[in-house]
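So you can see what is in the structure, the chains are spelled out below.
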Amino acid sequence: MQFLLASGNNPVSHVLDAPVRIGGMEPYSGLTLQVVTLFVGLIAFVAVLLYASKNISTGKEALGHRRYLSRGRIAQVIEVMCLYLRDDMLTPMMGKKDAHKFAPFLLTLFFLILSLNLIGMVPMQDLQLITGTWIEDAQLAVVGGTATANIAVNAVLAFFVFIVIQAHGFRELGVKGWLEHLCGGHELVAGPKGLWLVVPIIFVVEVLGLIIKPAALCIRLFANMFGGHTLLATLLMFGGMTWAGTNNGLATAGVTLVSGIFAILITFMELFVAFLQAFVFMFLSAVFISLMSHHEEEAEAHELDGATAAAH
Amino acid sequence: MNIFILANEAAAEASPLSFKLLPAFSTVAVFLVAFGTFAFVVWPKITKALDARDEKILGEIRAAEAAQAKAKAAQSEFEKRLEEARTAADDMIRKARAEADRQADELRTRSQRELDDMRLRATQELESAKRTALAEIHAVAATLATTVAGKILKREIQPSDQKRLVDESLSEMTSR
């Protein structure tokens with residue numbers, strides 16, 4: 001029954017970060033499970049992408065035409081993801097120039113978050129618990145949890161997005177243009193004086209938006225990963241709770257079976273969410289970055305308006 | 001002691017929203033390493049390979065289009081030459097047929113002419129032979145008649161008499 005109680009008596013405890021613990025040693029509070037998982041995710045990210053890039057790159061001439069083909073399933077999946085994200089998602093939204101410019105940053109975000117989400121789905125803590133049960137006093141807990149269920153991790157990722165958005169804004173619009181953007185745009189600032197009344201309101205909203213946009217990225221990812229894993233832990237708790245309440249093996253088995261089936265279904269949904277949230281984080285980052293770009297269509301429209309006004 | 005009991009105790013104190021510096025700084029390091037790896041190692045390799053593949057595909061499409069254009073040009077050239085050859089063959093057949101007709105006409109004309117000549121010559125020869133024969137018959141008949149007449153009359157008939165008698169006989173024969 002021990003592993004059925006893996007989530008303890010508090011489902012949140014299974015999701016929250018905890019100190020690393022090795023054997024009978026005192027827990028080292030300086031290093032936590034999610035931090036270790038973060039580095040494990042990094043290793044997975046680097047290993048898989050290096051392997052994939054090696055197999056995507058053009059092969060030896062001896063292979064003939066086949067040297068232009070990606071070799072291996074993993075490389076093919078990574079290639080399809082890269083091509084789809086760059087050509088079918090980023091390019092229509094940001095334009096070819098910006099899409100190619102920001103693709104490394106945005107795809108790093110996507111693949112890093114994806115690898116952290118997927119690593120977080122491996123029940124490493126529970127495996128260590130079972131191992132600790134088998135090996136007397138082992139109590140091994142060095143890695144586990146989902147790094148993206150840690151608000152600090154997501155906040156830092158969102159902070160990088162904030163930096164990139166603002167850097168791109170300064171570069172594209174200049175300081176004056178950036179300030180005008182905060183005040184509602186050039187049309188509003190240079191427009192009729194009556195519209196100046198709304199400028200302070202827009203300024204406040206835009207300044208708040210500077211913070212709210214990356215904060216929304218951070219909180220959305222955190223809430224989805226934390227909530228999903230908490231739900232799984234709660235479902236897995238039901239068996240233990242039934243046993244604690246009834247001491248009836250048959251009832252416990254029935255509840256465990258039903259909640260286990262639901263847990264499996266939720267795990268599949270979590271797998272989907274792992275991909276979806278990585279995509280959403282990257283997608284919204286791309287949207288926020290593209291909002292700070294000059295849009296050629298708008299510029300052309302303004303030129304056209306100017307020409308029409310001059311003709312009149 | 002179960003580590004999750006420890007975790008539960010820790011969870012009672014911890015909040016999901018508590019911001020810890022260690023994960024934050026670790027994330028900075030992790031992201032920078034990830035970005036560096038991706039942006040400077042992985043992505044250039046992938047884009048280079050994809051660009052090479054695009055170039056290869058585009059090159060092959062261009063080569064295929066060029067080959068197709070070349071094949072079309074060769075086909076049109078072939079068709080043009082075939083048409084010319086067909087026209088030339090038709091001309092040759094028409095000329096040969098005309099030449100054959102002309103030669104046949106000429107042959108027919110020449111044969112007809114030769115035939116007419118032969119017929120004329122034959123007629124002339126026949127007339128000539130007829131005249132000769134008649135002359136000989138006249139001569140023999142005259143001689144014979146004179147001889148007979150001489151014998152009947154018992155006298156020598158002179159050649160002038162002989163001639164006169166023959167002419168008279170012939171006149172009578174003709175008048176009859």
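Before any of the text, the structure's been laid out above.
Parameters and conventions
Residues numbered from 1 in each chain as written. Chains lettered and ligands numbered in written order. Predicted model: local features only at pLDDT ≥ 70, side-chain atom pairs only at ≥ 80, totals over all residues. Heavy atoms only, no water. Helix = DSSP H or I, 4+ residues; strand = E, 2+ residues; numbered from the N terminus. Buried < 20%, exposed > 50% of the residue type's maximum accessible area, 1.4 Å probe, protein only. Areas by Shrake-Rupley, 256 points an atom, 1.4 Å probe, with all protein chains shown as cover. Salt bridge = Lys/Arg side-chain N within 4 Å of Asp/Glu carboxyl O. Contact = heavy atoms within 4.5 Å. Buried area = accessible area lost by both parts, 1.4 Å probe. Polar contact = N/O pair within 3.5 Å; in protein donor to acceptor, adjacent residues only side chain to side chain. Nonpolar A, V, L, I, M, F, W, Y, C, P; charged D, E, K, R; others polar. Expected span 1.5 Å × (residues − 1). Phe/Tyr/Trp six-rings, centres within 6.5 Å; stacked < 30°, edge-to-face > 60°. Axes fitted to C-alpha atoms, helices over the stretch in contact; angles between N-to-C directions. Parallel < 35°, antiparallel > 145°, perpendicular 65-115°, else oblique. Core = buried A, V, L, I, M, F, W, Y, C linked by side-chain atoms within 4.5 Å. Left-handed = near helix turned anticlockwise from the far one by under 90°.

(A) Structural context of the overall build of chain B. Secondary structure summary: chain B contains three helices and zero strands in total. For chain B, the α and β elements follow one another from N to C terminus as α-α-α. Across the 176 residues in chain B, those meeting the buried criterion constitute 18%. Accessible area for chain B stands at about 13,400 Å²; split by element, carbon and sulfur atoms hold 61% of it.

(B) Up close: the overall build of chain A. Helices and strands together make up the secondary structure of chain A, namely ten helices and two strands. Listing the helices and strands of chain A from first to last along the sequence gives α-β-β-α-α-α-α-α-α-α-α-α. Counting every atom, chain A has about 16,000 Å² of accessible surface; 72% of that belongs to carbon and sulfur.

(C) Highlighting the pattern of salt bridges. One pass over the structure, following the stated rule, counts eleven salt bridges over all chains. Ionic pairing is found between A:R86 and A:D87, a salt bridge with its closest N-O pair at 2.9 Å. A relative accessible area of 31% places A:D87 in the partly exposed class. A single network of salt bridges, built from pairs that share partners, joins B:E99, B:R102, B:E106 and B:R110.

(D) The arrangement of the interface of chain B and chain A in detail. Residue-level contacts link 42 residues of chain B with 57 residues of chain A. Summed over both partners, the interface of chain B with chain A buries about 4,300 Å², with 78% contributed by carbon and sulfur atoms. Across the chain B-chain A interface, the total number found is one salt bridge. Note that A:E79 is salt-bridged to B:R53, the shortest N-O span being 2.6 Å. In this structure, the connection of chain B to chain A is made through two residue pairs in polar contact (both at pLDDT 80 or more). Within the residue set of the side of chain B that touches chain A, elements represented by two or more residues are helix 1 (3–13) and helix 2 (21–153) of chain B. Per-element tally for the side of chain B that touches chain A: the top contributor is helix 2 of chain B, with 27 residues. Partitioning the side of chain B that touches chain A into residue classes produces 29 nonpolar, eight polar and five charged.

(E) View of helix 9 (residues 249–291) of chain A. Taking 1.5 Å as the rise per residue, helix 9 of chain A with 43 residues should run 63 Å; its terminal C-alpha atoms sit 59 Å apart, in good agreement. Where helix 9 of chain A starts, the residue carrying a side-chain oxygen 2.9 Å from the main-chain nitrogen of A:L250 turns out to be A:N248.

(F) Looking closely at the environment of A:A190. On the secondary structure map, A:A190 appears in the loop between helix 7 (186–189) and helix 8 (199–246). On a C-alpha basis, the gap between A:A190 and A:E180 in space is 9.4 Å, while along the polypeptide they are ten residues apart.

(G) Spatial organisation of the packing of aromatic side chains. Applying the stated rule across the entire model yields twelve aromatic pairs over all chains. Counting every residue linked through ring pairs, the aromatic cluster contains A:F45, A:F110, A:F111, B:F38 and B:W43.

(H) Representation of the packing of helix 3 (residues 73–94) of chain A against helix 2 of chain B. Across the interface, helix 3 of chain A lies against helix 2 of chain B with an axial gap of 12 Å and an inter-helix angle of 80°. When the axis of helix 3 of chain A is compared with that of helix 2 of chain B, the two are roughly perpendicular. Contacts from A:E79, A:C82, A:L83 and A:R86 in helix 3 of chain A reach B:W43, B:I46, B:T47, B:L50 and B:R53 in helix 2 of chain B. Within the contact of helix 3 of chain A with helix 2 of chain B, the residues separate by chemical class into five nonpolar, one polar and three charged.

(I) Focus on the nonpolar core. With 71 residues, the main nonpolar core has A:F105, A:L106, A:F111 and A:F281 as its most contacted residues. Listed by contribution, the elements that provide at least two residues to this core are helix 2 (33–56), helix 3, helix 4 (96–121), helix 6 (151–182), helix 8 and helix 9 of chain A together with helix 2 of chain B. Looking at this core element by element, the count peaks at 13 residues for helix 4 of chain A.

(J) Quick peek at the packing of helix 4 of chain A against helix 2 of chain B. Interaxial distance between helix 4 of chain A and helix 2 of chain B falls to 9 Å at its minimum, and their mutual angle equals 125°. One element, helix 4 of chain A, and the other, helix 2 of chain B, form an angle in the oblique class. Of the two possible hands of crossing, helix 4 of chain A and helix 2 of chain B adopt the one that is right-handed. Across from A:A103, A:P104, A:F105, A:L107, A:T108, A:L109, A:F111 and A:L112 in helix 4 of chain A, the residues of helix 2 of chain B making contact are B:V30, B:F31, B:A34, B:F35, B:F38, B:A39 and B:W43. Of the residues belonging to the contact of helix 4 of chain A with helix 2 of chain B, the class tally is 14 nonpolar, one polar and no charged.

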